[in-house]
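# Coordinates in review
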Amino acid sequence: ETDDFVLALARWFKSDYMKWIDPIPCPDCKGPTKGTGSTNPTEGERSEGGGRVELHQCVKGGCGATRRFVRYGQIRPLMRTREGRCGEWAHLFYAFLRVAGIEARYIWNSEDHVWAEYWSAAKERWVHVDPCEAAVDKPFLYEKGWGKKQSYCLAFGSRGAEDVTAVYVVDQAGCELRRQTKGWREHILAQALEQHTISLQAQRPHAELEGWDYMIRKQHEWKLDVKRRLAEAEEEELGGRVSGPEEWRKMRDEMGSDKVPRPSFSVTKLLHDLKSSDVYLFGDAVRAGSGVVLTTRSSQASGVFADVRIAQTTSFRATVTFRMFAPPGAREADGMAIVFSRDRKLGLGGYGLGYSGLGGKGDFAVETVDTYRTQDHADDPPAPHISVHSPPDAHHRNSIACTKPGQVPFLSDGRLWTLELVYDGLSRQLVGWMKGKDDASKEGKVDEIGLWEVSVPPGEGPGGDWYVGVTGSCGGLWQKVS
């Protein structure tokens, strides 16, 4: 009965109760709006758990009305508004399960999604339930359906906390590499979850904890029974994400692991045909036809910036095509970077790739690519790697996303490579792809690699506009980068 009830509740919650809030219509004319940033909640909004307020302004001429979308963290306002995104949906659905007398817990995922689990006495385990998708008992929905590569799935409930990542991941080896890249120490995470569990249980009467040991044992058996979990997953109907607008799902690469199309764009401004007066060269950079050469010998540092500013709330696509190789007698080092910074100048050379030290909080740089592993000054992971650093500082402690070992091929091969970045100005989500074309191949074979999806941290106070540039550098070891 519990399993049937939860399935019916999830379907009703999605189809009849809650409303997905994106896109947001104008409060006056009901026309389309665009995100214009965020602001602090009012005293009344804060008293109801409003932690952040998104501002959306009508784009129809003559209207200009603004809608405040408050991200509430309490049940009462959520039941009043009955709207939101996955955070609000999972929060409220978890509360509904608890009110119905069903043992439940909230699942936080490091890849920017949340859902719930409930305890099934019939199945003797915790069962996945995603109210945004009306999906029940489909733990591999995200990896095999959406095509998301999971790193951490952490469960939080009234009786404690648990790392449940293994239940949601098929590729355990790949998951372990991704976890290493994020830099969390496993024993510290386990200790923190255990301490949280102990603190919660110490506050509850002994009678309320009856059966908890049994639940822990049965769940542990379920986690270890990989063969059974994979066999049951084969019966699942898994597809891409259905919640949220299509363009947003495409941008996040959540249409399905085998169905993810390349995003389409409306081009509003082209920067690759800028005149000489529209770009600024720094350091050792020199023009070469329609491009720029950054490094041609040892101990050089270079940069080229466009004389265009981009607001941090603007959504855009940026592509950079590059070629690098080490001539005879040279050895590939150090690399290049794409910089989004409030500074338009040259940063630290050598391991700093010409960008380190620019900008500050809220700015970022994409090391594209770091072909030399500098461990003493930068604590670099194995090369080659493509890493997002915010703030723009080359030490790897500032990396917020990085390719895993072996994900990026040898790039100093003289081939043309193109890095593509897609940035959502509202969510500050950055997605990266890379492709390389083999010029010598008659078929023109293209290798395409998905890199990462990451949320760029905001700065302190209102963010300034970004200058966009490409920098590069080398020390005693060098390569030609253009």
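As the structure is a prediction and not an experimental result, all values here were calculated from the model. (Residues numbered from 1 in each chain as written. Predicted model: local features only at pLDDT ≥ 70, side-chain atom pairs only at ≥ 80, totals over all residues. Heavy atoms only, no water.)

## As for the pattern of salt bridges
Convention followed: The salt bridge definition used is simple: a Lys or Arg side-chain nitrogen within 4 Å of an Asp or Glu carboxyl oxygen. Segments assigned H or I by DSSP are reported as helices when at least four residues long, segments assigned E as strands when at least two residues long, and all are numbered from the N terminus. Only protein chains enter the accessibility calculation, which uses a 1.4 Å probe; a residue is then buried when its area is under 20% of its type maximum, exposed when over 50%, and partly exposed in between.
Per the counting criterion, the structure on display carries 21 salt bridges. Residue Arg80 pairs with Glu48 through a salt bridge whose shortest N-O separation is 3.1 Å. Taken together, the residues span a long stretch of sequence, with Arg80 in helix α3 (residues 75-81) and Glu48 in the loop between α2 (43-47) and β3 (50-58) at a distance of 32 residues. For Asp137, the salt bridge is made with Lys123, and the minimal N-O distance between the two is 2.8 Å. Within this pair, whereas Asp137 is found in the loop between β9 (135-136) and α5 (141-146), its partner Lys123 is found in the loop between β7 (113-120) and β8 (125-130), the two being separated by 14 residues in sequence. Taking the relative accessible area as the measure of exposure, Lys123 reaches 32% and is therefore partly exposed. Here the salt bridges share partners, and the residues they tie into one network are Arg52, Glu54, Arg71, Arg85 and Glu88.

## Quick notes on the sheet that holds strand β4 (residues 66-72)
What counts, and what does not: By the convention used here, strands pair only if DSSP detects at least 2 bridges between them. Helix axes are fitted to C-alpha atoms over the stretch in contact, other axes to C-alpha atoms as well, and angles between N-to-C directions run from 0 to 180 degrees.
The sheet built from three strands is open, its strands ordered β2-β3-β4 with antiparallel pairing. The open sheet has two edge strands with one neighbour each: β2 (33-39) and β4. Sheet twist, expressed as the mean angle between neighbouring strand axes with direction ignored, is 30°. Here β2 runs beside β3; their pairing, made up of six bridges, is antiparallel. Residue pairing for β3: Thr33 is matched across the bridge by Cys58.

## A short note on the pairing of strand β6 (residues 104-109)
Direction of pairing for β6 relative to β7: antiparallel, over a ladder of six bridges. Note that in β7 the partner of Trp108 across the bridge is Val114. Joining the antiparallel neighbours β6 and β7 is a turn of three residues, in which Asp112 adopts a positive phi near 70°.

## Things to note about helix α7 (residues 186-201)
This is how the line gets drawn: Each helix should span, by expectation, one fewer than its residue count multiplied by 1.5 Å. Arc definition: directions from the helix axis to the C-beta atoms. Two residues qualify as a contact provided that any one of their heavy atoms is within 4.5 Å of a heavy atom in the partner residue.
Taking 1.5 Å as the rise per residue, α7 with 16 residues should run 22 Å; its terminal C-alpha atoms sit 23 Å apart, in good agreement. If you check which residues of α7 are buried, you get Leu189, Leu193, Thr197 and Leu200. For α7, the angular spread of buried residues about the axis comes to 70°, placing them on one side. Along α7, the residues that are exposed and aim more than 90 degrees away from the buried face are His187, Glu194 and Ile198. Residues of α7 that are buried sit in contact with β10 (153-157), β11 (160-163) and α6 (172-182).

## Section: the environment of Gly475
Mapping Gly475 onto the fold places it in the loop between β25 (466-474) and β26 (480-481). Here the alpha-carbon distance between Gly475 and Gln300, two residues 175 residues apart in the chain, equals 6.7 Å. Discounting residues that sit within four places of it in the chain, Gly475 has contacts with Ser298, Ser299 and Asp334.

## Looking at unusual backbone geometry
Most peptide bonds take the trans configuration, and most residues that are not glycine carry a negative phi. Geometrically, the link from Ser390 to Pro391 is a cis peptide bond, its omega value of 0° lying close to zero. As for its position among the elements, Pro391 is in the loop between β20 (385-389) and β21 (399-402). Of note, the phi angle at Lys30 is positive, near 65°, even though the residue is not glycine. With respect to the secondary-structure elements, Lys30 resides in the loop between β1 (19-20) and β2.

## Quick word on the packing of aromatic side chains
For the record, the criterion: Any two rings among Phe, Tyr and Trp, with Trp reduced to its six-membered ring, count as a pair given centres within 6.5 Å; such a pair is stacked if its planes are under 30 degrees apart, edge-to-face if over 60, and tilted if neither. Any Lys NZ or Arg CZ that is within 6 Å of a ring centre and within 35 degrees of that ring's normal is treated as a charge sitting over the ring.
For the structure on display, the rule yields 23 aromatic pairs. Aromatic side chains Phe282 and Phe305 sit 5.9 Å apart centroid to centroid with 85° between the ring planes, which places their arrangement in the edge-to-face category. Separated by 23 residues along the polypeptide, Phe282 in strand β12 (residues 279-283) and Phe305 in strand β15 (residues 300-310) bring together distant segments of the chain. Each ring, one from Phe364 and one from Trp466, has its centre 5.3 Å from the other, and the planes form 85°; the classification is edge-to-face. With Phe364 in strand β19 (residues 364-370) and Trp466 in strand β25, this residue pair connects regions lying 102 residues apart in the sequence. Like Phe364, the residue Trp466 is buried in the burial classification. Each member of the aromatic cluster is reached from another via a ring pair, and the members are Trp12, Phe13, Tyr17, Trp20, Trp89, Phe93 and Phe96. In this structure, Arg82 is placed above the aromatic ring of Tyr17, and the distance from its NZ or CZ to the ring centre is 4.2 Å.

## Quick look at the confidence of the model for the protein
Note the cut-off: Per-residue confidence from the prediction method is given by pLDDT, with values spanning 0 to 100.
For the protein, the average pLDDT comes to 82, and 85% of its residues sit at 70 or higher. Across residues 257-272, confidence stays below pLDDT 50; counting only partners more than four residues off in sequence or on other chains, it has 19 contacts. A low-confidence stretch, residues 439-445 (pLDDT under 50), is modelled with eight contacts involving residues beyond four sequence positions or located in other chains.

## So, a nonpolar patch on the surface
The line we're drawing: Any residue with relative accessible area above 30% and no salt bridge may belong to a patch, with like charges joined within 9 Å and the nonpolar Val, Leu, Ile, Met, Phe, Trp and Tyr side chains within 5 Å. In short, Shrake-Rupley with a 1.4 Å probe defines the accessible areas, and a residue's cover is counted only from the protein chains shown.
Nonpolar side chains collect at one region of the surface, where Val170, Val226 and Leu230 lie side by side and expose about 200 Å² of accessible area between them. Relative to the assigned elements, Val170 resides in the loop between β11 and α6. Since its relative accessible area comes to 36%, Val170 is described here as partly exposed.

## Quick word on the sheet that holds β11
Taken in spatial order, the six strands make up an open sheet running β9-β8-β7-β6-β10-β11, and their pairing is antiparallel. Two strands lie at the open edges of the sheet, namely β9 and β11, each paired on one side alone. Each of β10 and β11 is contacted by α7, which is oriented at about 160° to β11, the strand it contacts most.

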